[in-house]
Amino acid sequence: MLNVSSDETPTMESARTYSAAMVRTRVTVPVSAGSTWKPAEMVTFSDLIDDGEHIAVTFAPLSSVPLVRLHSECLTGDVFGSGRCDCGPQLDESVSMIADAGGILLYLRQEGRGIGLYNKIDTYRVQDELQLDTFAANRELDFSDDSRDYRVAAQMLQALGVQRIRLLTNNPDKQAQLESAGIAVDEVVPTGTFRTAYNDRYLRAKVEHSGHTITFAEEAI
């Protein structure tokens with residue numbers, strides 16, 4: 001099993017040093033997609049490089065180049081609808097788009113850009129106390145800007161027999177890491193911009209620090 005440090009940059013060479021993942025379980029689950037229910041197949045895996053309990057949620061029909069979203073778990077946004085980020089609306093949009101078009105949602109257990117739920121809550125406290133953005137708060141607590149390793153996503157796709165994708169994202173690091181791990185990205189499909197008065201600073205920090213392709217309309221929020 002490969003041990004991955006938070007500062008390591010994945011490369012094609014390192015991508016070849018781990019064994020292939022395998023599909024563990026498949027089960028059909030009705031999933032809410034907008035105003036309707038759609039049948040989805042939830043897939044679990046064994047031999048993932050980080051031992052995380054990541055899942056794939058697939059919607060038929062799968063084309064030879066399916067639409068794919070890598071969504072990092074965000075309990076505060078996905079479950080509780082926190083206004084501090086745009087994760088919940090992005091997840092809802094992704095499920096609706098992929099359910100309509102056919103494709104794969106990879107739900108990755110990478111809370112807080114890889115630092116975990118408790119540490120993410122700590123960074124919220126630091127943001128409030130020191131008036132820092134999300135990336136500066138990470139550094140204040142000695143975390144990197146982004147600790148996520150998307151090679152595990154490449155493993156999951158390869159276990160599903162997928163080598164080429166259309167990637168639903170505004171984050172260029174996802175494309176770069178997937179391509180370094182052997183997944184061809186034929187097209188990048190942007191997500192919506194879910195800007196509010198509560199997350200405006202967060203979204204601007206993502207553009208400034210990690211090059212997210214987010215377009216801001218300057219209307220009142």
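This is a predicted model, so every value here is computed, not measured.

### Focus on the overall build of the protein chain
When helices and strands are tallied, the protein chain shows eight helices and seven strands. Relative to its full complement of 221 residues, the protein chain shows a buried share of 45%. Look at the contacts in the protein chain between residues 6 or more apart in sequence, and 62% of them connect residues 24 or more apart. When the accessible surface of the protein chain is split by element, carbon and sulfur atoms take 51% of a total near 10900 Å².

### A short note on the packing of aromatic side chains
In this structure the tally under the stated criterion is zero aromatic pairs. The ring of Tyr-124 carries the charged tip of Arg-84 above its face, separated from the ring centre by 4.2 Å.

### Looking at the pairing of strand β7 (residues 184-189)
Put simply, side chains in a regular strand alternate between the two faces of the sheet. Pairing geometry for strand β6 (residues 164-168) and β7, over five bridges, is parallel. Paired with Leu-167 across the strands is Val-188, a residue of β7. Between β6 and its parallel partner β7, the chain crosses via helix α7 (residues 172-180), and the hand of that crossover is right-handed.

### A closer look at helix α6 (residues 151-159)
Among the nine residues of α6, seven are classified as buried, and the element is accordingly described as predominantly covered. If you check which residues of α6 are buried, you get Arg-151, Val-152, Ala-153, Ala-154, Gln-155, Met-156 and Leu-157. A positive phi of about 80° marks Gly-161, the residue just after α6.

### Observations concerning the pairing of strand β2 (residues 36-46)
In this sheet, β2 lies alongside strand β1 (residues 22-33) in antiparallel orientation, the contact comprising eleven bridges. Bridged to Ser-32 within β2 is Trp-37. Counted between consecutive antiparallel strands, the loop separating β1 from β2 contains two residues, among which Gly-34 sits at a positive phi close to 70°. Direction of pairing for β2 relative to strand β3 (residues 55-59): antiparallel, over a ladder of three bridges. Across the sheet, the residue bridging to Met-42 is Val-57, located in β3.

### Looking at the pattern of salt bridges
Here the structure, examined in full by the defined rule, presents 14 salt bridges. Shared partners join several salt bridges into a network, and the residues in it are Arg-195, Asp-200 and Arg-204.

### Regarding the sheet that holds strand β5 (residues 103-108)
The seven strands are arranged β1-β2-β3-β5-β4-β6-β7 in an open sheet whose pairing can be described as mixed. With one partner strand each, in any of the chains shown, β1 and β7 form the two edges of the open sheet. The average angle at which neighbouring strand axes cross in this sheet is 30°, direction not considered. In this sheet, β6 lies alongside strand β4 (residues 67-72) in parallel orientation, the contact comprising two bridges. For Val-68, the partnering residue across the bridge sits in β6 and is Leu-167. In the packing of helix α3 (residues 87-101) onto the sheet, the strands contacted are β1, β2, β3, β4, β5, β6 and β7, and the crossing angle to β4 comes to about 155°.

Cut-offs used in this document
- Residues numbered from 1 in each chain as written.
- Predicted model: local features only at pLDDT ≥ 70, side-chain atom pairs only at ≥ 80, totals over all residues.
- Heavy atoms only, no water.
- Helix = DSSP H or I, 4+ residues; strand = E, 2+ residues; numbered from the N terminus.
- Buried < 20%, exposed > 50% of the residue type's maximum accessible area, 1.4 Å probe, protein only.
- Contact = heavy atoms within 4.5 Å.
- Areas by Shrake-Rupley, 256 points an atom, 1.4 Å probe, with all protein chains shown as cover.
- Phe/Tyr/Trp six-rings, centres within 6.5 Å; stacked < 30°, edge-to-face > 60°.
- Lys NZ or Arg CZ within 6 Å of the ring centre and 35° of its normal.
- Pairing = 2+ DSSP bridges.
- Right-handed = clockwise from strand over helix to strand, strands pointing away.
- Salt bridge = Lys/Arg side-chain N within 4 Å of Asp/Glu carboxyl O.
- Axes fitted to C-alpha atoms, helices over the stretch in contact; angles between N-to-C directions.

These figures capture arrangement, not role.
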